[in-house]
Amino acid sequence: MTPFEDTTKIYRIVKYSLLVFTLAFFVLAGSRAVSSTVSASGSAKKLPIYCVDTEEKKVALSFDAAWGNEDTADILEILKKHNVRVTFFMTGEWVRKFPEDVKAIAAAGHDLANHSENHKQMSQLSAEQCRTEIQKAHDRVKELTGVDMTLFRPPYGDYNNTLVRTVNDMGYHCIQWDVDSLDWKDYGADSIINTVINHRHLGNGSIILMHNGAKYTPEALEAVILGLREKGYTLVPISELIYTENYKMDHEGRQHLKEGASGTPSVTPPVPQFPAAQPGEERLRIFSAFLSASSHLSF
């Protein structure tokens, strides 16, 4: 064999080895890409309901009740005066301390809703601990009023996938808000009114957060109700605002009715969804690209 032939043979071996290495690299990369996609999909962030996509000009007022009851009677009186029904999210401990208030809320036709037993940071709890916190409060209200609650709001608005999944598994809907009155900051009645009425997120399907026990809430409540009505909104409890089935959630936590389902149609056009490539399809695509590239090489 001549030196030239020997050099040519070595060149072909090196070139072939590089090609095989390239193929192995792309197949491995494709496999990892598919695995990453599946993993990301499997751990997608689960969201509570922040608001509802609806053409109807309606919003929901909600009150978290976890501490005192000094203003409960005043709030109920104002709501009665204006024929407004709302949703009260109550901790089990609040229910234990103020059973007559719970009965009064129920008698007035408001939603009774769950705010956990002890107002803990639910994202720090296991699924079983979350279930216990929700079930204890549920049982208290059931025993006191006969009502099976179906709405849950996490204390502090703190949640993770474990909590949302547990809430749903228990037959509850996990509820947040898209309009925070900031009444808990005690800035004054005018601040509460202005924050709600002129909130940048206020719109059809909004859920408004207020608090039983906040210093200026009773003083601001009537003006908030009148201001919302002046803007053309009908006030309903959350149970009459949200979809309980045949819905999907977008990345902002907005509930949308599924296309073709009964109820208020979505005002947002659907985003086309394309099926992800399966692992076998992805490897075939990579191998085809490899063959195409190798066809331009000679040995």
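Residues numbered from 1 in each chain as written. Predicted model: local features only at pLDDT ≥ 70, side-chain atom pairs only at ≥ 80, totals over all residues. Heavy atoms only, no water.

Engineer: Honestly, the layout of surface pockets in this entry has me stumped. Any pointers?
Structural biologist: Any space left empty among the atoms is revealed by the rolling of a water-sized probe across them. Considered as a void within the structure, the second largest pocket measures approximately 370 Å³ in volume. Around the second largest pocket, the lining comprises 21 residues; the ones closest to its centre are Asp-64, Trp-67, His-119, Trp-184 and His-211. Element by element, the count of residues in the lining of the second largest pocket is highest for strand 8 (residues 207-212), at three residues. (1 Å grid on protein atoms, 1.4 Å probe; cavity = no way out; pocket = protein on both sides within 12 Å on 5 of 7 lines; lining within 4 Å. Points joined across faces, edges and corners; volume = space filled by probe spheres on them. Helix = DSSP H or I, 4+ residues; strand = E, 2+ residues; numbered from the N terminus.)

Engineer: Help me understand helix 5 (residues 127-145), please; the structure alone is not making it clear to me.
Structural biologist: The terminal C-alpha atoms of helix 5 lie 27 Å apart, and with 19 residues this matches the ideal 27 Å at 1.5 Å per residue to within 8%. Considered for burial, the residues of helix 5 that qualify are Cys-130, Glu-133, Ile-134, Ala-137, His-138 and Val-141. Buried residues of helix 5, seen end-on, are gathered within an arc of 120 degrees and therefore sit on one face of the element. In helix 5, the exposed positions angled more than 90 degrees off the buried face are occupied by Glu-128 and Glu-143. Residues of helix 5 that are buried make contact with strand 3 (87-90), helix 3 (92-97), strand 4 (111-114), strand 5 (151-152) and helix 6 (161-169). Once helix 5 finishes, Gly-146 follows within two positions and takes phi at roughly 85 degrees, a positive value. (Expected span 1.5 Å × (residues − 1). Buried < 20%, exposed > 50% of the residue type's maximum accessible area, 1.4 Å probe, protein only. Arc of directions from axis to C-beta. Contact = heavy atoms within 4.5 Å.)

Engineer: Looking at this model, I keep getting lost on the nonpolar core. Mind explaining?
Structural biologist: Burial of nonpolar side chains together is a common tendency in soluble globular proteins. Of all hydrophobic cores here, the largest spans 48 residues; its most connected members are Leu-61, Leu-79, Phe-88, Met-90, Ile-208, Leu-221 and Leu-228. Among all residues touching Ile-208, those that are not within four sequence positions of it are Val-59, Ala-60, Leu-61, Ser-62, Val-179, Val-196, Leu-202 and Leu-228. (Core = buried A, V, L, I, M, F, W, Y, C linked by side-chain atoms within 4.5 Å.)

Engineer: Would you mind showing me how to read the packing of aromatic side chains here?
Structural biologist: The geometry of an aromatic ring pair is captured by the separation of the ring centres together with the interplanar angle, meaning the angle of the planes. Within this structure, the stated rule accounts for two aromatic pairs. Note on Phe-63 and Phe-88: the rings are 5.3 Å apart at their centroids and 20 degrees apart in plane angle, and the pair reads as stacked. With Phe-63 in strand 2 (residues 58-65) and Phe-88 in strand 3, this pair connects stretches of sequence that are 25 residues apart. Each of the two residues, Phe-63 as well as Phe-88, counts as buried. The ring of Tyr-233 carries Lys-57 above its face, with NZ or CZ at 4.2 Å from the centroid. (Phe/Tyr/Trp six-rings, centres within 6.5 Å; stacked < 30°, edge-to-face > 60°. Lys NZ or Arg CZ within 6 Å of the ring centre and 35° of its normal.)

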